[in-house]
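Per-entry structural report
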Protein chains: 2
Amino acid sequence: MNIEDYLERKRLEVDEFLESHIPSLHTSPSTLHESIRYSLFAGGKRIRSILTIAAAEAIAPPPKALLPVASSFELIHTYSLIHDDLPAMDNDDYRRGKLTNHKIFGEAIAILAGDALQAMAFEFCSRPDFVNGLDPQCQIRVINELALGSGTQGMVGGQVLDIQAESREVDLAGLKTIHAHKTGQLIRAAVRVGALLSGSSNTQLERLTGYAEDVGLAFQIADDLLNVTGTPEELGKGTKTDADRGKKTYPSFYGLEESQALAQDCVDRAISRLAGFDEKADPLREIAQYIVSRRK
Amino acid sequence: MNIEDYLERKRLEVDEFLESHIPSLHTSPSTLHESIRYSLFAGGKRIRSILTIAAAEAIAPPPKALLPVASSFELIHTYSLIHDDLPAMDNDDYRRGKLTNHKIFGEAIAILAGDALQAMAFEFCSRPDFVNGLDPQCQIRVINELALGSGTQGMVGGQVLDIQAESREVDLAGLKTIHAHKTGQLIRAAVRVGALLSGSSNTQLERLTGYAEDVGLAFQIADDLLNVTGTPEELGKGTKTDADRGKKTYPSFYGLEESQALAQDCVDRAISRLAGFDEKADPLREIAQYIVSRRK
């Protein structure tokens, strides 16, 4: 299989779904929807949604609810980017080659757009027309995974640890905890939700959870590396910002070469977790590899 | 019945539930949980949760899931207060007689505490041990109501309209739309969710929805009035701030006396919606009356 084609095809599916179900620019309050759409359609890779889709497809033909549920992870991810970029947080002016949300719409609307996106994620997972036909018990588990992956023990908790690390000494264990929460927990939830939607067995769910944890770590190490080795043109945002802020990262502990090797170890481990899966899990295998080879 | 006793008893139930289920101050990241607890236990009246409880009890003995679900409305309400108070929004220094969240914890943590509280609300509505025994179909509807009441067509949408109104001419219809969204939709959802939890019929649900809309408007007019007539000691925050900001309110359109009469009209209408309910709906009747007579 060609992973680039696969990723592009799935990205389009997610984008089309979002495009037709996010309130239009003419829906009141229009500024809010403009702000939401500005950041949501800024060219994201939709990697979290694709992981949900690929995890579901690794097990069985997925239900109709797959796309709404998978898309909800992009709503959470986008809200977190808008809030992370705020002056009170990372104070970033550019994201994906465009001005950040608050630079265009102001801080108040940026905060509210993030808030609304989070609510919308849970709306997507509970809208009768979206999740029709899905076992309600399964649906509740899906919503619970999404909530846990986003909250104090997930993404938001990791973001707090990350902010605190800027003014504290962080050792390698601390760095791993930050990574496991800030990006890891939402990726973990995305994969688990895919598995649940396809009616995975407990063993399958456990294996895919292991895969997700390894892939999440690889993803974050790769992000740390790109911050050092990428160009602003490739990334669409400032580079070497971690070093400027004195942020501890994998390269700052291990250097570039060893960090690359560690990321590859994670990928290999992730792929080995899929040993019991047939060729339907090939996209998951290829995505793991793609995550460390991408240039943006 | 003595409504003050009822409100106090139910407030304690909600507070106890929250106290024992919100992560402790020692849970990592401790600053985040400290910030969450600071605002969540700042002496709120828990009126949204109590509306959920009273609506449920108006119909039938409610299920075990009532308290977690009712409490989730306070999580949403508290997050909205933390975000509303931010410098980029209303820039308030005091709330309920205490410094606002960002004055103590900084803006970054205040934003993240709000974000985490929203996720926690949906976690509360989907936690297996909290909602055990509830019909999953009903649970999904509950989550959907909570998401819609909070999102772009609910509370957040209203907040955007409210901000925009500070720099635009707003007529009475515009003011009504702001109120209906900013506070109305979440109160509406709180009541509807209570009804759904007790297995309301469609007619009962519709009547209670009408009750909630009237009560929500009465609540907001009363808030507008308190901003003019209350003292900082009673309210625990600055007064006459609406006029200072040039905000359009009911008193600015109608004057004090007529606004009071309008609020009372809403209450009377709300109570008349409950004509088909027996004495189990007395707390709802009394709450409607309380809302316009309260001094804070």
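Turning to the overall build of chain A, a few remarks are in order. Across its full length, chain A holds 15 helices and two strands. Taking 296 residues into account, the globule formula puts the C-alpha radius of gyration at 19 Å, and chain A, at 18 Å, falls close to it. Judged by the C-alpha coordinates and their principal axes, chain A covers about 50 × 50 × 35 Å. Out of the 296 residues belonging to chain A, those deemed buried represent 54%.

All names here are of chain A. Counted at 1.5 Å a residue, the expected span for helix α15 (residues 282-293) with its 12 residues is 16 Å, and the 17 Å between its end C-alpha atoms agrees. Of the residues making up α15, those classed as buried are Pro-283, Leu-284, Arg-285, Ile-287, Ala-288 and Ile-291. Where α15 is buried, its residues touch α1 (3-21), α3 (47-57), α11 (202-229) and α14 (250-272).

Superposition of the two copies of the chain requires a rotation about an axis together with a shift along that axis. Rotating chain B by 180° and moving it 0.0 Å along the rotation axis overlays it on chain A with an RMSD of 0.0 Å. In short, the pair behaves as if placed about a two-fold rotation axis. No C-alpha of chain B lies nearer the rotation axis than that of Pro-136 of chain B, which sits 2.7 Å from it.

Grouped together as the largest cluster of nonpolar side chains are 178 residues, with contacts concentrated most on Ala-218 of chain A together with Ala-218 of chain B. What Ala-218 of chain A contacts, discounting residues up to four positions off in sequence, is Ala-263, Cys-266, Val-267, Ala-270, Ala-288, Ile-291 and Val-292 of chain A.

It is worth spelling out helix α6 (residues 107-124) of chain B at this point. The first and last C-alpha atoms of α6 of chain B sit 26 Å apart over 18 residues, in line with the 26 Å expected at 1.5 Å per residue. Of all 18 residues that make up α6 of chain B, 17 are buried, and the element is covered over most of its length.

With that settled, the discussion passes to the confidence of the model for chain A. Summary statistics for chain A give a mean pLDDT of 94 and a share of 100% for residues scoring 70 or more. Here the prediction assigns the complex a pTM of 0.96, and the interface score ipTM is 0.96.

Turning next to the interface of chain B and chain A. Contact with chain B, which involves 41 residues of that partner, is made by 41 residues of chain A. For the side of chain B that touches chain A, the elements supplying multiple residues, two or more each, are α2 (30-40), α6, α8 (136-150) and α9 (155-165) of chain B. Take the side of chain B that touches chain A: its biggest share by element is 12 residues, from α6 of chain B.

Residue and element names in this part refer to chain A. Orientation of α3 relative to helix α4 (residues 66-84), taken along the N-to-C sense of each, is 150°, at an axis distance of 7 Å. On the basis of the axis angle, α3 is roughly antiparallel to α4. Crossing of α3 over α4 shows right-handed handedness. Residues Arg-48, Ser-49, Thr-52, Ile-53 and Ala-56 of α3 pack against Leu-66, Val-69, Ala-70, Ser-71, Phe-73, Glu-74 and His-77 of α4. Split by residue class, the contact of α3 with α4 holds six nonpolar, four polar and two charged.

Turning our eyes to something else, we now look at unusual backbone geometry. In this chain, Ser-28 of chain A is followed by Pro-29 of chain A through a cis amide linkage whose omega measures -5°. Looking at the element boundaries, Pro-29 of chain A is found in the loop between α1 and α2 (30-40). For Asn-91 of chain A, which is not glycine, the phi torsion reads 50° and is therefore positive. The topology assignment puts Asn-91 of chain A in the loop between α4 and β1 (94-95). On the basis of neighbour counts, which here come to 12 C-beta atoms within 10 Å, the residue Asn-91 of chain A falls in the exposed class. With phi around 60°, Arg-46 of chain B is a residue other than glycine that occupies positive phi space. Looking at the secondary structure, you find Arg-46 of chain B in the loop between α2 and α3 (47-59). By C-beta crowding, Arg-46 of chain B is classed as buried, having 23 other C-beta atoms within 10 Å.

A word on the environment of His-21 of chain A. Residue and element names in this part refer to chain A. Counting through the fold element by element, His-21 comes out in helix α1. By C-beta crowding, His-21 is classed as partly exposed, having 16 other C-beta atoms within 10 Å. Separated by 245 residues in sequence, His-21 and Cys-266 place their C-alpha atoms 36 Å apart.

What counts and what doesn't
Residues numbered from 1 in each chain as written. Chains lettered and ligands numbered in written order. Predicted model: local features only at pLDDT ≥ 70, side-chain atom pairs only at ≥ 80, totals over all residues. Helix = DSSP H or I, 4+ residues; strand = E, 2+ residues; numbered from the N terminus. Rg over C-alpha atoms; globule rule 2.2 N^0.38 Å. Buried ≥ 20, exposed ≤ 12 C-beta atoms within 10 Å, placed from the backbone. Expected span 1.5 Å × (residues − 1). Contact = placed C-beta atoms within 7 Å. Least-squares fit on C-alpha atoms with pLDDT ≥ 70 in both. Core = buried A, V, L, I, M, F, W, Y, C linked by C-beta atoms within 7 Å. pLDDT = per-residue confidence, 0-100. Axes fitted to C-alpha atoms, helices over the stretch in contact; angles between N-to-C directions. Parallel < 35°, antiparallel > 145°, perpendicular 65-115°, else oblique. Left-handed = near helix turned anticlockwise from the far one by under 90°. Nonpolar A, V, L, I, M, F, W, Y, C, P; charged D, E, K, R; others polar.

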